[in-house]
Structures are given as structure tokens and as C-alpha cells.
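# Notes for the structure review
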Number of protein chains: 2
Amino acid sequence: MRRLNLALGERSYPILIGGGLLTRADLILPYLRAPRVALVSNETVAPLYLKGHVEALEKVGIGATPIILPDGEAYKNWESLNLIYDSLLAERCDRSTTIVALGGGVIGDLAGFAAATYQRGVPFIQIPTTLLSQVDSSVGGKTGINHPRGKNMIGAFWQPKLVLADTDTLKTLPDRELSSGMAEVIKYGLIRDLPFLDWLEANMESLMARDGAALAYAIERSCANKAEVVAADEYETASEGGRALLNLGHTFGHAIETGLGYGQWLHGEAVAAGTMMAVDLSRRLGWLTAADRNRVSALLQRAGLPVKGADLGAARYLDLMSHDKKVVAGSLRLILLKSMGNAVTYADAPREEIIAAIESSSRG
Amino acid sequence: MRRLNLALGERSYPILIGGGLLTRADLILPYLRAPRVALVSNETVAPLYLKGHVEALEKVGIGATPIILPDGEAYKNWESLNLIYDSLLAERCDRSTTIVALGGGVIGDLAGFAAATYQRGVPFIQIPTTLLSQVDSSVGGKTGINHPRGKNMIGAFWQPKLVLADTDTLKTLPDRELSSGMAEVIKYGLIRDLPFLDWLEANMESLMARDGAALAYAIERSCANKAEVVAADEYETASEGGRALLNLGHTFGHAIETGLGYGQWLHGEAVAAGTMMAVDLSRRLGWLTAADRNRVSALLQRAGLPVKGADLGAARYLDLMSHDKKVVAGSLRLILLKSMGNAVTYADAPREEIIAAIESSSRG
């Protein structure tokens, strides 16, 4: 088992990574305020992992109330959140109840936001079961739901007490979801860890073949990068750099997700296409070479990811991007690469260059 | 103008109290991240105060987007919250926009929760226009909405950057609302400030006659008490005492509010009746005398408040109270008076004594 720490003062917490952790209730017990959890999962993950997990909890005297939601980004909304509230209230869960998220990013974001807001806040534990959530969304405390006008528009920062990433759950992950998670893994290499990017290029075949040791290393290295960034900028308030850099490709990508309706493209797929737009724009600004762009494109494709975005038209992209949370006082701030392994926040990209980058990296 | 400080480290903020503050945009300007506010108010308050406030803001270059909600506790729900989100998104408000609550406790709680959750949190300013909100709900960062199963069940701690209590707004306050606020003023005397209780007994006629100086003093003293309690226990996590003590009468009172449906009894009316239940229970436990109980009853009545709760039946009270947020691991914790001016958290009151206290202080 690998162990990392996210250093946030009194909100610090461990990230545990390894095989077979799902049934290790002894790892969870020290983090509970009372021996009672509400276990939020979905209709895909629950049949695979819920029973074994609940049995392990019950063996050490922890009572578990399962709350099973429909599966998919389309359900990351108020209705699902309200299903969680209803169950918590019906079961008379109080402030000593810990909410546990057992699932991917949607479940983590929903359960985390429920934890942030139920009775003004209850303890929370993340048990991510997808690569995407293990390397990204389960770490750092971002929670929330979507709004018809934009992704993650409603939410809160609410740190978990513990993140438990069981690499065994990746064995049942669909190929497309594995690829989607790999987009975020590659992102860490691009924005701040060039040696890791080299490692990924050398090991992408092993990763896609689900080699356990390779996956565990990639998850640990991804989480270590994320933990450093989050520790330095918990609430994404840094005016330069900081947490916003984790959003490489995300402003473009969110436009694809929102423009097509949630659930058409997986998050990582949209991020991969969005990353190519950011990389192409960086090249147009003279910061990257055509060879750099081709290198990123090749790696994303080896991870089974798209490198061209949906054909929404540049005007629609720009309109959707203007709703992005990184817009400050009306100015669109993009995450671009000053060089490979070195991301920056940039608010001065010429509009025509942004349009050209969108058009060169979208289908149509 | 009177000025207090709520000491919460980097989340500290001033509470300004006095006449004519509503048009003092210069007091607000230093607390804005960008010269733009979303002004949340209701259909009762907006016709009285919105125009003058917006004009004052515009004079110093602050753009204001008004968001007007229906008036009343019945509207402290998801639908109203969503109206705020919709307006913020339609107007493309970003993280630099400050949400301002102009109204009573319902508006403050709704606007505050919107601020806590819009784009994972934006700055917030409270401009309370009722006595209740000036002495209680605008200070301390509790925000939230009601759920059909319980009051304030969904919410967040989100501190404002500034509280601006304009005592002139109390001139237009209905008598019943003035009384409702007075229940919370009296509460501070009962739980931790016996000299203030004496002062209230000597000055209740002036207060009810809306003497400006008397009201300003009562508001300042109430806020000073609340600020001390909140500074010591921001998140209501103290196992003994702390912020929970501010809820004297509230567990019983919430049962009345929830049992009858929101909006039948005003909050302070329910708290007054609930306070009598808590006082009577304290007497039954041997902590107060019958004379103490009569003293509290007389003062509440001079403030125009009810001293007997709605006739729900003790069983229904207990059922509703079991949903209270102060329930920890199944145990009902009540705020009682160990002596006059000295509140405690108590989890061991015998059930039959609780029932007797409810029955002796309810109509029927």
C-alpha cells in the first residue's frame, strides 16, 4: 500500500493507494466520528463492490446505510442530491454520520457536496473506483453539481477525511473510462512533471494493458502532483498559477461537455480534445513547437483518447467558455503551456488565435 | 455608528450598526473584489429600500443586479435558491461578484447559501433589515435552506465580509416582527449576560416604542455577545457549551415551526414559547426557581411574545425534535439554564420531564 499526505493544516488527510483496500474496514474506522456511514454509490458500481464493502464494515461494527443513485454525468444534478438528503433525513443521520462516496467522479462530487451541506457539514470519505476519480476528482475537496447553464456551477470546497484508492477496482473499468482517466494522468506530466511525461511515454502500453504496478505508480505520482498543488492553493484563489493550472484543457473541454449535453463525451475525452486546443494555442503563441504538439497528440492517441473536439463551431465554444469559473471580472483566463511541463494562466491570448486553435483541433 | 469586530482570523469581519447606513456605499466599497454586486432582496423589502441603496451604489461606480424573491419562511427552499443561481448565471456573474443580502433572516440565509455554493463560493455581505436578522442571523455565517423534513437541514457555514445593520429600517418593521426579534435579544441575557437581562427589563417599553438609541444599544450588545460565542466556536463543534448555547429554546421552537408548516409562527415567536419550555424543564431539574420562570415569562410577554407553544402533543414534539441538528449519535441534547444568565448543553434530561415541560408550556 502506498501512502501520501495532503498537507492542509487541520484539514490534512491521507491518500492510500493499493490493491484490496475496499475490504480493509480497519483503514476507515479511525476516521469515523461515530460507527455509522451513509454509503453513496451508483447502479453500476454497487452490484460489483457494495456488498463486500458493507460486510467488511459490519464486521468491525460500522453500520452502513446504502444510497444508490443512477449512473452518469447526466445525474450530477439537484435531483440526485435531493435523493441523498432525503435518505439521510429518513434514516435520521446526524452530524456524526460520515458520508462515504463509493464510485467515480460523479458520485464523489455529489456525495461530497451532500456532505458539505447536510446539516451545514458532516465528515466525508472518498473511495474512488475509476482511474479518473483516483487520480483527480477524489483529491482536493472540490464537490458540486451541474447546472443546465454550466458544469460544476454549484458546489463547495469540502475536504475528505481520507481517500482510499483500491487499484483492484480498475480491473472492471470499461476501456473508454480507463482512457478518460489517462487524460488527467497525462495532464500532470504536461503542466508540471516532465520526467513523469517521459515515464508515461515509456509505459503507456503497460498502463493500457492494466499492469497493476504501472497503474499504482501512475496513480501515486498523479496524486502526489495534485496534493502539492492543492496544498499551496486550497481554494483556487492564487492569482497566478496555483490550482487553476490543473484545468489544462478543461475550459475548452467543458464547452464540449456542456455544448453536447452531459454524458455524450466522457470528461477525460473532452479534456483530451481541450488539451490539444490549449497546446495548439500555445504553439500559435510561440511557446511550443509543432513537434511538441505532435508529441502530445501521439501520447493522447496511444491512451485511446480523441485529439479533436466536437464540431460546435468556434462561436459556440467561445460563448460556452465565457461561463467558465476561471473568468474573472469578464476576462477569459486560459491555462496554456509556456513550455512542455510548465503551465501558466494567461488572459491575453488574441481572440483570433483562440478561434484558430479551436478550429484546428475540432472535427468538421 | 457603532462598530464591532467578529474575530475569526483571516475570516474576521466588522459589524456596523447605526442609522442611515443603507445609503453609505462608501462603507461597502472597500469590501468588494470587483465593483459588482448581486443584490438579493424580497418583495416586501425591495419597494422600501432597494432603489435608494442601488442609487447610492451606482454613484460610486458599483453595478448592482437585483434578484427579488417572494417574502416568507415558506420560500426558504431549493426553488428560491435556484432562482438566485439562474439570475447569477444569466447575468454571467463570476467569482469576483459579491452577493449582498438586503432583507431579513430568510433572505440572509438564502443569499448566504447561494454565496457559499455559487461557483464553489463568492464573497458575501449582509444588510439585515429586521431586528431578528440584525441581532442574530446576519452574524456568524450560518446559511441554508429548509427541507420538508426539517428547518435549516441543508446549508453551509459561510462568513460575510461585512454586516451593515441600519437601525432606520426598523421603523417600517411590523410589530409582530419587532417582537420576534426581541425573543433573540432576550436570549442573550438569559444564556450569558445577566446585566443585559436586567437592562432589558428596565428598558423594554422604550425598545417596543422603537426608541432609536435603546434599539441601537440592544443590537450592539446582542451582536457583541454573539460575536464572542461565534469567535470561540465557529463551526459549532464544541462538545460542551459553545455555539450550541445560542439555540436556547430553538429545539422546541423548531418543532413548532416544522410541525405547523413554515410561516405560521414567526421564528422568534416559536423561540419564545420554546424558551419557556426550556426554562420550565430547567426548573423541573431544580436549576431555576418558579420565580425565575415567571420573570422570563413576564419579560417575553412585555415584548409581545407568546409563552405557550402550539398544541401539537408531546409525542409529536419529541418526534420533530429528534431530527434536530444538535442530536449527536442518537442522543437529544437540549440547551437549558443552570441558572439565570448561564446556559448549558444537557443530554440527560429524563424523557418524562421533557414531556411535562412541553405540556405545561403548550396550549391545549
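Residues numbered from 1 in each chain as written. Chains lettered and ligands numbered in written order. Predicted model: local features only at pLDDT ≥ 70, side-chain atom pairs only at ≥ 80, totals over all residues.

## Points about the interface of chain A and chain B
- Every contact between the two is made by 30 residues of chain A and, on the other side, 30 residues of chain B.
- Among the elements of the structure, helix 3 (78–90), helix 4 (105–117), strand 7 (142–147) and strand 8 (150–157) of chain A are those that each provide at least two residues to the side of chain A that touches chain B.
- Examining the composition of the side of chain A that touches chain B, we find that 6 residues originate from one element, strand 8 of chain A, more than from any other.
- In terms of residue class, the side of chain A that touches chain B is made up of 13 nonpolar, 10 polar and 7 charged. (Contact = placed C-beta atoms within 7 Å. Helix = DSSP H or I, 4+ residues; strand = E, 2+ residues; numbered from the N terminus. Nonpolar A, V, L, I, M, F, W, Y, C, P; charged D, E, K, R; others polar.)

## Some words on the sheet that holds strand 9 (residues 162–166) of chain B
All names here are of chain B.
- The strand order across the open sheet built from 7 strands is 1-2-9-6-5-3-4, with neighbouring strands paired in mixed fashion. Each of the sheet's edge strands pairs with one partner strand only, and the pair in question is strand 1 (2–6) and strand 4 (63–69). Taking each pair of neighbouring strands and ignoring which way they run, the sheet shows an average axis angle of 20°.
- Bridging between strand 2 (residues 13–18) and strand 9 involves 4 bridges; their strand directions are parallel. When the bridges of strand 9 are listed, I17 appears paired with A165.
- Against the sheet, helix 2 (residues 45–59) touches strand 3 (36–42), strand 4 and strand 5 (98–103), its axis set at about 170° to strand 3.
- Packing of helix 3 (residues 78–90) onto the sheet brings it into contact with strand 3 and strand 4, and relative to strand 4 it is tilted by some 155°. (Pairing = 2+ DSSP bridges. Axes fitted to C-alpha atoms, helices over the stretch in contact; angles between N-to-C directions.)

## Some words on the relation of the copies chain A and chain B
- Relative to chain B, chain A is turned by 180° and slid 0.0 Å along the rotation axis, the superposed coordinates differing by an RMSD of 0.0 Å. Given the turn and translation reported, the copies of this chain are related as if by a two-fold rotation axis.
- Looking at the interface residues of chain A, 100% of them are also at the interface in chain B, so both copies use one shared face. (Least-squares fit on C-alpha atoms with pLDDT ≥ 70 in both.)

## Quick look at the sheet that holds strand 1 (residues 2–6) of chain A
All names here are of chain A.
- Strands sit in the order 1-2-9-6-5-3-4 across an open sheet of 7 strands; the sheet is mixed. With partners counted over all chains shown, the strands left at the sheet margins are strand 1 and strand 4 (63–69), one partner each. Between one strand axis and the next, the sheet turns through 20° on average, direction left out of account.
- Two strands pair when backbone bridges link them, and strand 5 (residues 98–103) and strand 6 (residues 124–128) are joined in this way by 5 bridges, in the parallel orientation. Note on strand 6: the bridge partner recorded for I99 is F124.
- Along the sheet face, helix 3 touches strand 3 (36–42) and strand 4 and points at about 155° away from the line of strand 4.

## Focus on the nonpolar core
- Counting residues in each nonpolar core, the largest one holds 233 residues, and the members touching the most others are V40 and L110 of chain A together with V40 and L110 of chain B.
- In this structure V40 of chain B touches I67, L69, I84, I99, V100, A101, L102, I107, L110 and A111 of chain B, once residues within four positions along its chain are discounted. (Core = buried A, V, L, I, M, F, W, Y, C linked by C-beta atoms within 7 Å. Buried ≥ 20, exposed ≤ 12 C-beta atoms within 10 Å, placed from the backbone.)

## Overview of helix 2 (residues 46–59) of chain A
Residue and element names in this part refer to chain A.
- With 14 residues, helix 2 extends 19 Å from end C-alpha to end C-alpha; this agrees with the ideal 20 Å at 1.5 Å per step.
- Listing the buried residues of helix 2 in full gives A46, Y49, H53, V54 and L57. Around the axis of helix 2, the buried residues are gathered within 130° of arc, so they sit on the same side. Opposite its buried face, helix 2 presents the exposed residues P47, K51, G52, E55 and K59, each directed more than 90 degrees away.
- Where helix 2 ends, the next residue or the one after it, G61, has phi of about 85°, a positive value. (Expected span 1.5 Å × (residues − 1). Arc of directions from axis to C-beta.)

## Things to note about the domain arrangement of chain A
Residue and element names in this part refer to chain A.
- In terms of domains, chain A is made up of domain 1 (2–172) and domain 2 (175–360).
- A straight line from the C-alpha centre of domain 1 to that of domain 2 covers 25 Å.
- Every contact between the two is made by 30 residues of domain 1 and, on the other side, 30 residues of domain 2.
- Looking at the side of domain 1 that touches domain 2, the elements with two or more residues in it are strand 1, strand 2 (13–18), helix 5 (131–137) and strand 8.
- Considering every element that reaches the side of domain 1 that touches domain 2, the biggest residue donor is helix 5, with 5 residues.
- Considered class by class, the residues forming the side of domain 1 that touches domain 2 number 14 nonpolar, 10 polar and 6 charged. (Domains from an automatic or database assignment.)

## Concerning the environment of D166 of chain B
Residue and element names in this part refer to chain B.
- With respect to the helices and strands, D166 occurs in strand 9.
- The class for D166 is buried, based on 22 C-beta atoms found within 10 Å.
- As for D166 and R176, which are separated by 10 residues in sequence, their C-alpha atoms are 19 Å apart.
- Not counting residues within four places of it along the chain, the set of residues in contact with D166 comprises G19, G20, L21 and L22.

## Re the packing of helix 10 (residues 267–284) of chain B against helix 11 (residues 290–302) of chain B
Residues and elements named next belong to chain B.
- At their nearest, the axes of helix 10 and helix 11 sit 9 Å apart, and the two run at 175° to each other. Judged by the angle between their axes, helix 10 and helix 11 are roughly antiparallel. Within the contact between the two elements, helix 10 uses A272, T275, M276, V279, D280 and R283 and helix 11 uses A290, D292, R293, V296, S297 and L300.
- Across the contact of helix 10 with helix 11, the residue classes break down as 6 nonpolar, 2 polar and 4 charged. (Parallel < 35°, antiparallel > 145°, perpendicular 65-115°, else oblique.)

## Topic: helix 11 of chain B
Residues and elements named next belong to chain B.
- For helix 11, spanning 13 residues, the distance from its first C-alpha to its last is 18 Å, which sits close to the expected 18 Å at 1.5 Å a residue.
- In the core, the buried residues of helix 11 are packed alongside helix 6 (175–192), helix 7 (194–208) and helix 10.
- In the stretch just after helix 11, G304 is the one whose phi turns positive, near 75°.

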